[in-house]
Amino acid sequence: MSEEQIKNLEEQFEARIARDEKIEPKDWMPEKYRKTHIRQMSQHAHSEIVGMLPEGNWITRAPSLRRKVALLAKVQDEAGHGLYLYSATETLGISRDEMYEQLHTGKAKYSSIFNYPTVTWADMGAIGWLVDGAAIINQVPLCNTSYGPYARAMIRVCKEESFHQRQGYEIMIKLANGTPEQKDMAQDALNRWWWPSLMMLGPTDDVSVHTAQSMKWKLKRKSNDDLRQQFIDQTVPQAELIGLTIPDPDLKWNEEKGSYDFGDIDWDEFWQVVKGHGPMNKERMKARVGAWERGEWVRDAAMAHAEKKQERKEK
Amino acid sequence: MKNENLYNYLLGIADNSLILGQRMGELCGHGPSLETDIACTNISLDLFGQVRSYFQYAGKIVGDGRTEDDIAMLRKERDYKNVLLVEQPNTNFAFTIGRQFLFDVYHLIFLAELQKSNDLTLSAIANKCIKEVSYHVRFSSDWVKRLGDGTEESKAKMQEAIDALWTYTDELFHQTEADVAMVAKGIGVDVTKLKEDYYLRVGELLKEATLHVPESKWFQKGGKEGIHTEHLGYLLSDLQYMQRTYPNMEW
């Protein structure tokens, strides 16, 4: 194709997105669009899979059968989201094994929030309430993103995430209305998860890369700072309602702008965790790589068995 | 305690699902592939759902206010009545599958009989569980076949697991005092009558998986009477942790 032809295709492509048309796997797309989507979608899938670990940590110790069943179901949903998102990403011409390889070698990232430890049961509440809450704010706009398979995946993912968020908040309500020990446990979890949850909405707009391009492709519809503000404004009243205190002395309602002012985020901590030096980065990767390596003989056996079956069928 | 035999009978059934569900729950997020991870979690989920039905019923029968969680999490080691098979650890995926398979085959034929119980609640629970367990049998049988008739390595691992777990199969067909009493009333299942069918089904599947049926005639027992392997204590420390550390609280 001549340069002019490509330029033409690109113009048509951008026009389609501007008209809110969906791009489908077999459609022509610029290489950069494909790569950007592989990066973001696989990162999203990896986050679901690594995200199973901190909550999986409490399945055997859940305090009641009802909570255990709900937690199992939730973590299973996350595995389902991972599966769904990996499949959607595969439509862009990369295999799941290649994506795993990128995760295991550290080439691909996943959400940094999962590099924090879940030290008490209340963390199951805080994760559902705050982490899933922040995830929803990030993800709802993606239900209208330009790449069809991603947009459709997000519609389903968001429905389940909002259920998880309510489930997490309900755990917190129960703790906050429980014994003093339970209330302390809830407050302590909020103290530990609040700031990392704010960081989930990404670096501040002045340092955020990729944003302009992503806006055009509808991979992003609001800026990180706007999303963060939305999260804070939505969450503060929820904390007040159950008598918990947001661990930010600078948090204050600003009448004039109709939203909360809040204190400085420790971006050094954010970058430390992103760069692989958070409290649980190494453990999370060890768990994922370990499961993959321990499972190799199992996957080989399944493959060998399927081949034998096929051979027998052909005979 | 009123209805002591029925209560103990229910625990005998439910503890198997409880302990096996706990073992399968340990694997969540650590499976050999995403698909098997989801399947194992799903089995765990089914089993805990069954446990809740049985224990809610057991709580009602005793009628002293004890809840499903009290029954599940606040007994002493010696009061758990599960068979030794289900408490065996997830040594590797072949052990997980072998344990599941050897229990599932029993579970399915047991529930088919329990559906005929003249205790209507129990028969209704069996009716619900059997649908789930039919899926469990299919899942574990398929994997025994894949691993048995897969690679040399997987065959050796699968055979090793079956050989090691075989010693725990005979206990499935032992009767407790509560069993005998409930069979006499037409409520319980006479497990001694399931044995032949069980070994026939297991034998056939192992053959199909190109594995051999272990010849050992030495069997372990004790779980049904509360004498467990050393593995159970650790499993219970996890299961009971919250209820023991924070007594009398609601979650």
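This text follows the structure it describes.
A brief look at the structure comes next. Since the structure is predicted, the reported quantities are computational estimates derived from the model, not experimental observations.

Parameters at a glance
Residues numbered from 1 in each chain as written. Chains lettered and ligands numbered in written order. Predicted model: local features only at pLDDT ≥ 70, side-chain atom pairs only at ≥ 80, totals over all residues. Heavy atoms only, no water. Helix = DSSP H or I, 4+ residues; strand = E, 2+ residues; numbered from the N terminus. Rg over C-alpha atoms; globule rule 2.2 N^0.38 Å. Buried < 20%, exposed > 50% of the residue type's maximum accessible area, 1.4 Å probe, protein only. Areas by Shrake-Rupley, 256 points an atom, 1.4 Å probe, with all protein chains shown as cover. Lys, Arg positive; Asp, Glu negative; His and termini not counted. Charge placed at Lys NZ, Arg CZ, Asp CG, Glu CD. 1 Å grid on protein atoms, 1.4 Å probe; cavity = no way out; pocket = protein on both sides within 12 Å on 5 of 7 lines; lining within 4 Å. Points joined across faces, edges and corners; volume = space filled by probe spheres on them. Contact = heavy atoms within 4.5 Å. Buried area = accessible area lost by both parts, 1.4 Å probe. Salt bridge = Lys/Arg side-chain N within 4 Å of Asp/Glu carboxyl O. Disulfide = S-S within 2.5 Å.

## Here's the deal with the overall build of chain A
Consideration 1: A count of helices and strands for chain A gives 13 helices and two strands.
Consideration 2: For 315 residues, the compact-globule estimate of 2.2 N^0.38 gives 20 Å, and chain A sits close to it at 22 Å.
Consideration 3: Once the C-alpha set of chain A is aligned to its principal axes, its extents read approximately 70 × 55 × 30 Å.
Consideration 4: For chain A, with 315 residues in total, the buried portion stands at 56%.
Consideration 5: Accessible surface computed for chain A: about 14800 Å², of which carbon and sulfur atoms make up 52%.
Consideration 6: For chain A, the separation between the mean place of its 44 positive charges and that of its 48 negative charges on side chains is 6 Å.

## Side note on the layout of surface pockets
Gaps between atoms show up when a probe of the same size as a water molecule is rolled over them.
Residue and element names in this part refer to chain B.
Consideration 1: There is about 590 Å³ of room inside the second largest pocket.
Consideration 2: Asn8, Tyr9, Gly12, Lys81 and Lys224 are, among the 33 residues lining the second largest pocket, the residues nearest its centre.
Consideration 3: Mapped by element, the contributors of at least two residues to the lining of the second largest pocket are helix H1 (4-26), helix H3 (68-73), helix H5 (93-114) and helix H8 (177-184).

## Thoughts on the interface of chain A and chain B
Consideration 1: Listed by partner, the interface residues are 48 residues for chain A and 48 residues for chain B.
Consideration 2: Carbon and sulfur atoms supply 68% of the area that chain A and chain B bury against each other, a total of about 4100 Å² over both sides.
Consideration 3: In this assembly, chain A and chain B are joined by four salt bridges.
Consideration 4: Across the pair Glu35 of chain B and Arg96 of chain A runs a salt bridge whose closest N-O atoms are separated by 2.5 Å.

## Structural notes on the side chain of Asn224 of chain A
Consideration 1: You can see Asn224 of chain A is positioned in helix H10 (residues 224-241).
Consideration 2: Of the residues examined, Asn224 of chain A reaches a relative accessible area of 3% and is grouped as buried.

## A short note on the state of the cysteines
By definition, a disulfide links the sulfur atoms of two cysteine residues through a covalent bond.
Residue and element names in this part refer to chain B.
Consideration 1: Applying the stated criterion to the full structure yields zero disulfides over all chains.
Consideration 2: Its sulfur unpaired, Cys28 is 9.4 Å from the next cysteine sulfur, which belongs to Cys40.
Consideration 3: The cysteine Cys129 is free of any disulfide, with Cys40 supplying the nearest cysteine sulfur at 19 Å.
Consideration 4: Here Cys129 falls in the buried class, since its relative accessible area comes to 0%.

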